[in-house]
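Coordinate analysis (summary)
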Amino acid sequence: MTQLALVIDLNVCVGCHACVTSCKEWNTSGLAGSLVDERPYDRDPTGTFFNRVQTFEVGEFPNTQTVHFPKSCLHCEDPPCVPVCPTGASFKRPEDGLVLVDYDKCIGCKYCAWACPYGVRELDEDRKVMGKCTLCVDRIDNEALPEAERKPACVLACPTNARLFGDIHDTESVVSRAIRENGGYQLMPEWGTQPANHYLPRRKTELRIHRDELDRADNPLKIDGLLPKPPVKDPSLDDVTSW
Amino acid sequence: MSEAPAANSARATETKTTTCYMCACRCGIRVHLRGGEVRYIEGNPEHPINKGVICAKGASGIMKQYSPARLTRPLKRKVGAERGTAQFEPISWEEAYTLIVERLAKIRSTDPKKFAFFTGRDQMQALTGMFARQFGTPNYAAHGGFCSVNMAAGMIYTIGGSFWEFGGPDLDRAKLFVMIGTAEDHHSNPLKIAISKFKRQGGRFISINPVRTGYSAIADEWVPIRPGTDGALLLALTHEIVNTGLYDRPFLARYTNAGYLIDADPASDTHGMPLRTGEDFGQGSPHFSHDELWWDRIADKPVINHAPGADPYLAGEFRMPDGKPVKPAFQLLMDRVQQYTPEWASEITGIPAGTIRRLAHEMGVTARDQKIELPIPWTDSWGVEHETVTGNPVAFHAMRGLAAHSNGFQTIRALAILMSLLGTIDRPGGFRHKAPFPRAIPPVAKPPKSPDAIKPNTPLGGLALGWPAGPDDLFLDENGGAVRIDKAFSWEYPLAVHGMMHNVITNAWRGDPYRIDTLMIFMSNMAWNSTMNTLEVRTMLNDRDESGEHRIPFIIVCDAFQSEMTAFADLVLPDTTYLERHDVMSMLDRPISEFEGPCDSVRIPVVPPKGECKPFQDVLIELGTRLKLPAFVNADGSRKYRDYPDFIVNFETEPGSGIGFLAGWRGKGGEKTMRGEPNPRQWEMYAQNNCVFQYKLPRSYQYMRNWNRGYHEWASRTRLRRNFDPLIIQIYSEVLQKFRLAAQGKGTSKRRPPPELAKRIERYFDPLPFYYAPLEMEASDTTHYPLAAITQRPMAMYHSWDSQNAWLRQIHAHNYLFVNPRLARGLGIADGDWIWVESMHGKVRCMCRYSEAVEPGTVWTWNAIGKSRSAWHLAPDANESREGFLLNHLISDELPPAHATGGRRMSNSDPITGQAGWYDVRVRIYKAAATEPEESWPQFQPVPAAPGTNPVRRLWQAFVAGTGEWK
């Protein structure tokens, strides 16, 4: 069983929003489009985005962390949005675990949005259908694309390569390895939804300098006579002790 | 899913490559078109800059292309309409050309300097600068003076290269990376790629910044610092590194002027200058004789520098045979930094002294103990063969955060010197140059020296911008006054190497040093976020003299969008977007070179221009041809170039020089690189190669390029450089000392500053780095205005132009003032409250947002989100204008009268380079009264949509490419 997913590495995400707009750009003219913009040039513009970055602060100055947190559909293994759908429009694709919406069946009732504990469904106010991340199904299924490009638009766009894509059921995949080796975690596992997407936490590199690394025999100050040897004739214990 | 994937892909039609211009990064992109409409813009995986990635702006290029704010027709201000009210009537291009040419021809035949030409965009300076020079006016510059000239000048005057497009941190090999101040926006995608790889390789990343946003978010350690105090920190780090002996002595001795003997006799006419033998070791260079002396510690006597077998003392005090006291430059640096203890810097920066010491130790020990030895043989400038290239893997990056202060030049000198002490210049894991850098220190190009360079109907006698090496290179009139309208290269701002665009409107309005006739602005929002003192500058732009004539008689603005600035134009020229034009990222300008060698690139149109839009380059060539500027016409005065693409292919710097705008596929059949005859199929060849040309130097030429004989010979053969003498790092700046001597009435130059400026020159032109508080701070009552106020640029927006982008404005529709909660609570301000921010120059009302990620003495906001009502075609009540705000209203373009020198108003700028001191302003904040309106202040009158702009979809829009219409 394949379960495609994103693994998002918060250790390198700088919050640049490349994933947000590249997603919008690919999908608005793609299979899941269009992605409407409401009041695009007016007060309080808003619109449909399948992927958003939230930024928040943790801790108090000066021990502050600024966390950029990209969030889209987590393609749960047990997605609560599917059984609540009255028309069967929401479904989990068996062959790769994608959670998708059939727009022809969707009536825009929003049950799925209420059921989703992660708030990642986006009702299209124009077409009155429920949109969501498809992991760019029309890229990953598209054999006309070179294989290296059969990936979600956000994954290809991400300048810090913070978004890894693959099969979390394949233990040797890049995503499984990343989860295993770097402390990958799920969002709110207590809900039992088994989100397929995982996050990698911040990791801190430190450097310890030992005091004796500063006192070195090859200190260049000696060459310029700035750490001179004491003159031979200076007083020493040799002059006053004899036992 | 209403469509099958097959049907979807069948509609995909065309893919073209070009170069992004949603910011200055210049990533390669692939643009997919469907039915002629832009369907998808992605990073080009085969491009060396971005290797397939793209950013939020780049992926939103579609919404720029189809923005309703786009200008599509030339516009003329309506008769009787006031400037600023944006009342225009459309005219034809022919009318526009006639209007401009008649006006400019008259100026050119009388006094060419009355035409001032300033550009916001600075990646087509090779052409815009050439146009100005051919016209004969010295009044030309791009926006570098108000951007980051301190970074360019501070580093180039020290190491012959700089961050920016000229060089950068080698994070592939670094072990420790230190980013100081805001530096996100230059070379942004490559830096993001590099930081991510660096972190995953286990590198340690330290960010020193008043604010923790952007890349600082993922730093292993955030060190909060007070704005404008970076110089104090860098000097204290230097203090600790020097005193503990953590500097790279062999590097300093051989590759810098640390061992040069400096005249230490205060009574001497050459005090502070290096001693010289008077011989010429310049290998043909007319600018550098390389005859300075060392005190050889083996023979214990003075010798010519780099004498075979000699090794200079870096410390000590010596007497020449004639009794003259001398000291090695490094001794003078050591003397200087003794006062800059970590405890001293702690008081100024707010960083604990222990942290400063630890940072110095981390840098010094990593550089010393984690050395890289690459098995790459190379030969240095003195003929010594080295079997390896050594690297000390400590890398730095900095940009505007250091630069945009009036003490930025000396701060950045201190940074470049610290990087040199650690032995990291053009070495693996440190700082590496990008062609055409490194250049001479300072570069050879000089501004004209006197007004004689300006003659009617004649090109300017010299380059409008250059690199003074002493007072003799200043551009002065017979009374020692400024010749340029912005006063660059005068005694007021001697090393203003990028010009001072921020002074132009104020100076022209005041008629100081003279009145001009026509001001042409390309793509810069000088009536809004690109100017200091925004309210008054807007008044100046429309102000009239006693006779009722506008003080700035004629204003031409070229832009692609209806900005705040276009409203003030007499004539508006509609530019194309980046997807509709040819462009070059040229070796004559700021190419996209990589560490491994020169690299340039092009834009090739992927869609036709909208409406009557014309690329500004074509407009310049047309104007140059009609004005019969020599470079653009044949001997008989006939048209020489059909258009910009034709110009790019066929232009050579001199007839037969083989040097043109593009370095790739030169020669008749495209068989030559760097240099060769024009190739008629050059554009085609760029198009076939992802719009990019990359030359990889042999590995032995990729490092140590300041002193790499092989590289210099290669650079000389390809004419990147004329000479091949070594480029010695200036730990001690002889150029600065020449200015100081002139101010003291000494030295070889006959030029002397006017008495009222002599003290200023003497103080700031210190050959060694020193710390002084930013000038504005010195002049502010810091009890009344206790806070620093700064801006940062969000990664999802660039300059002002992204507010008309329907997708990007959903990420940032308005800005807040970020305030540390401890500070805010003490002032009774709650999160989300409306507050006033006040400086001694003005005030704005805005909303407060609590943030723990800012040091408590600083408040900050995102740059250029706030907009004037209905500019950029936004609704009059859009968040950008009703809630967004501009910090610029608080920042003066001139220093307070207390800083006036002999009655002169001085620019709010670095006294050395004229860099605008954006980040020096001091403010206080207080809660707005409950009775006040909940909107930002000041507000501005809405302006009508310009003729030719598209109607806005008010309620909603849904873009699907290739459907022929928008829903």
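What you are looking at is a predicted structure, and each value in this text was computed from that prediction instead of being measured.

Looking at the overall build of chain A
Scanning chain A from N- to C-terminus turns up five helices and eleven strands. On C-alpha atoms alone, chain A measures out to a radius of gyration of 28 Å, which is more than a quarter above the 18 Å that the 2.2 N^0.38 rule sets for 243 residues. Projecting the C-alpha coordinates of chain A onto the three principal axes gives extents of approximately 105 × 45 × 40 Å. Buried residues in chain A amount to 44% of all 243 residues. Sequence-distant contacts, at least 24 apart, represent 56% of the contacts inside chain A between residues at least 6 apart.

Side note on the overall build of chain B
When you go through chain B residue by residue, the secondary structure sums to 25 helices and 35 strands. When each of the 967 residues of chain B is scored for burial, the buried share is 63%. Sequence separation of at least 24 residues holds for 69% of the intrachain contacts in chain B that already meet a minimum separation of 6.

Describing the sheet that holds strand β6 (residues 115-119) of chain B
Residue and element names in this part refer to chain B. Reading across from one edge, β5-β4-β25-β24-β23-β6-β7 is the order of the seven strands in this open sheet, with mixed pairing throughout. Looking at which strands have only one partner, the edges of the open sheet turn out to be β5 (88-90) and β7 (140-141). In the sheet, β6 pairs with β7 via two bridges, with the strands oriented parallel. Considered in β7, the bridge of Phe-117 is made with Tyr-140.

Describing the pairing of strand β25 (residues 571-574) of chain B
All names here are of chain B. What you see with β25 is no split at all: Leu-571 and Leu-573 on one side and Val-572 and Pro-574 on the other are buried throughout. Relative to β25, strand β4 (residues 75-77) runs antiparallel, the two being bridged by two bridges. Within β25, the position partnered with Lys-76 by the bridge is Leu-571. Inspection of the sheet shows strand β24 (residues 554-559) paired to β25 by four bridges, in the parallel sense.

Description of the sheet that holds strand β3 (residues 37-43) of chain B
All names here are of chain B. Pairing is antiparallel in the open sheet, where three strands are placed in the order β1-β2-β3. Strands at the two margins of the open sheet, each flanked by one partner only, are β1 (14-19) and β3. For this sheet the average axis-to-axis angle between neighbouring strands, irrespective of direction, equals 30 degrees. Across six bridges, the pairing between strand β2 (residues 28-34) and β3 is antiparallel. For Arg-30, the partnering residue across the bridge sits in β3 and is Glu-42.

Remarks on the packing of helix α4 (residues 125-135) of chain B against helix α17 (residues 616-626) of chain B
Residue and element names in this part refer to chain B. With their axes 11 Å apart at the nearest point, α4 and α17 run at an angle of 20 degrees to one another. With respect to α17, the element α4 is oriented roughly parallel. Taken as a pair, α4 and α17 cross one another with a handedness that is left-handed. Each of Leu-127, Thr-128, Phe-131 and Gln-134 in α4 lies in contact with α17, whose residues at this interface are Gln-617, Leu-620 and Gly-624.

Observations concerning the interface of chain A and chain B
Counting residues at the interface gives 69 residues for chain A, matched by 80 residues for chain B. Of all the elements in the fold, those that place two or more residues in the side of chain A that touches chain B are α1 (18-28), β2 (37-38), β3 (46-47), β5 (65-72) and α4 (153-157) of chain A. Looking at the side of chain A that touches chain B element by element, the count peaks at eight residues for α1(A). Its residues assigned to classes, the side of chain A that touches chain B shows 28 nonpolar, 22 polar and 19 charged.

Thoughts on the domain arrangement of chain B
Quoted interface sizes are often the accessible area lost when the parts come together. By domain assignment, chain B separates into domain 1 (5-17 + 19-54), domain 2 (75-143 + 474-576), domain 3 (160-436 + 726-733), domain 4 (580-607 + 618-699), domain 5 (734-767) and domain 6 (780-927). Domain 4 of chain B and domain 6 of chain B are separated by 41 Å when their C-alpha centres are compared.

Digging into the confidence of the model for chain B
Residue and element names in this part refer to chain B. Predicted confidence across chain B gives a mean pLDDT of 95, with 98% of residues reaching 70 or more. In the model, residues 1-10 has pLDDT below 50 throughout and makes 17 contacts with residues more than four positions away in sequence or in other chains. As a predicted assembly, this complex carries a pTM of 0.96 together with an ipTM value of 0.95.

Thoughts on the pairing of β5(A)
All names here are of chain A. Burial along β5 is one-sided: Thr-66, His-68, Pro-70 and Ser-72 are buried, and none of Gln-65, Val-67, Phe-69 and Lys-71, which face the opposite way, are. Looking at chain direction, strand β4 (residues 51-58) and β5 are connected through eight bridges and run antiparallel. Directly across from Gln-54, in β5, lies its bridge partner Phe-69. Between β4 and β5, which pair antiparallel one after the other, the connecting turn spans six residues, and Gly-59 there sits at a positive phi close to 85 degrees.

A closer look at the packing of helix α15 (residues 501-510) of chain B against helix α16 (residues 534-541) of chain B
Residue and element names in this part refer to chain B. Where α15 contacts α16, the axes come no closer than 10 Å and their chain directions differ by 45 degrees. One way to sum up the angle between α15 and α16 is to call them oblique. Judged by the sense of rotation from one axis to the other, the crossing of α15 with α16 is left-handed. Between α15, through Ile-505, Thr-506 and Trp-509, and α16, the contact on the second element is made entirely by Val-537, Met-540 and Leu-541. Tallied by class, residues from the contact of α15 with α16 come to five nonpolar, one polar and no charged.

Observations regarding the environment of B:Tyr260
Residue and element names in this part refer to chain B. In this fold, Tyr-260 is placed in the loop between α9 (249-255) and β12 (261-263). Separated by 45 residues in the primary sequence, Tyr-260 and Asn-305 place their C-alpha atoms 7.3 Å from one another. Not counting the four nearest positions on each side in its chain, Tyr-260 is found in contact with Pro-274, Glu-292, Leu-293, Trp-294, Asn-305, Pro-328 and Ala-329.

Observations regarding the environment of B:Ser289
Residue and element names in this part refer to chain B. Looking at the secondary structure, you find Ser-289 in the loop between β12 and β13 (293-296). Sequence spacing of Ser-289 and Gln-123 is 166 residues, and the spatial spacing of their C-alpha atoms is 34 Å. Setting aside anything within four residues of it in sequence, one finds Ser-289 in contact with Arg-276, Asp-280, Phe-281 and Gly-282.

Notes on unusual backbone geometry
A cis geometry characterises the amide bond from A:Phe61 onward to A:Pro62, with omega recorded as 0 degrees. With respect to the secondary-structure elements, A:Pro62 resides in the loop between β4 and β5. In this chain, B:Ile441 is followed by B:Pro442 through a cis amide linkage whose omega measures 0 degrees. Inspection of the secondary structure puts B:Pro442 in the loop between β22 (431-433) and α15. Even without being glycine, B:His306 reaches a positive phi, approximately 60 degrees. Within the fold, B:His306 resides in the loop between β14 (301-304) and β15 (318-319). Non-glycine residue B:Trp872 carries a positive phi angle of around 60 degrees. Within the secondary structure, B:Trp872 sits in the loop between β33 (858-862) and α25 (879-882). Overall, the presence of 26 C-beta atoms within 10 Å leaves B:Trp872 in the buried class.

Some details on helix α14 (residues 408-421) of chain B
Residues and elements named next belong to chain B. With 14 residues, α14 extends 20 Å between its outermost C-alpha atoms, agreeing within 8% with the 20 Å of an ideal straight helix rising 1.5 Å per residue. Within α14, 14 of the 14 residues are buried, leaving the element largely enclosed by the surrounding structure. Phi turns positive one or two residues past the end of α14, at Gly-423, with a value near 70 degrees.

Details of helix α10 (residues 329-337) of chain B
Along α10(B), the residues that are buried comprise B:Ala329, B:Phe330, B:Gln331, B:Leu333, B:Met334 and B:Val337. In this structure, the buried residues of α10(B) make contact with α8 (230-243), α9, β12 and β16 (325-328) of chain B.

Looking at the environment of B:Arg760
Residue and element names in this part refer to chain B. On the secondary structure map, Arg-760 appears in helix α22 (residues 755-764). For the pair Arg-760 and Ile-912, spaced 152 residues apart in sequence, the C-alpha to C-alpha distance is 9.5 Å. Arg-760 has contacts with Thr-901 and Pro-911, leaving out every residue within four places of it along the chain.

What counts and what doesn't
Residues numbered from 1 in each chain as written. Chains lettered and ligands numbered in written order. Predicted model: local features only at pLDDT ≥ 70, side-chain atom pairs only at ≥ 80, totals over all residues. Helix = DSSP H or I, 4+ residues; strand = E, 2+ residues; numbered from the N terminus. Rg over C-alpha atoms; globule rule 2.2 N^0.38 Å. Buried ≥ 20, exposed ≤ 12 C-beta atoms within 10 Å, placed from the backbone. Contact = placed C-beta atoms within 7 Å. Pairing = 2+ DSSP bridges. Axes fitted to C-alpha atoms, helices over the stretch in contact; angles between N-to-C directions. Parallel < 35°, antiparallel > 145°, perpendicular 65-115°, else oblique. Left-handed = near helix turned anticlockwise from the far one by under 90°. Nonpolar A, V, L, I, M, F, W, Y, C, P; charged D, E, K, R; others polar. Domains from an automatic or database assignment. pLDDT = per-residue confidence, 0-100. Expected span 1.5 Å × (residues − 1).

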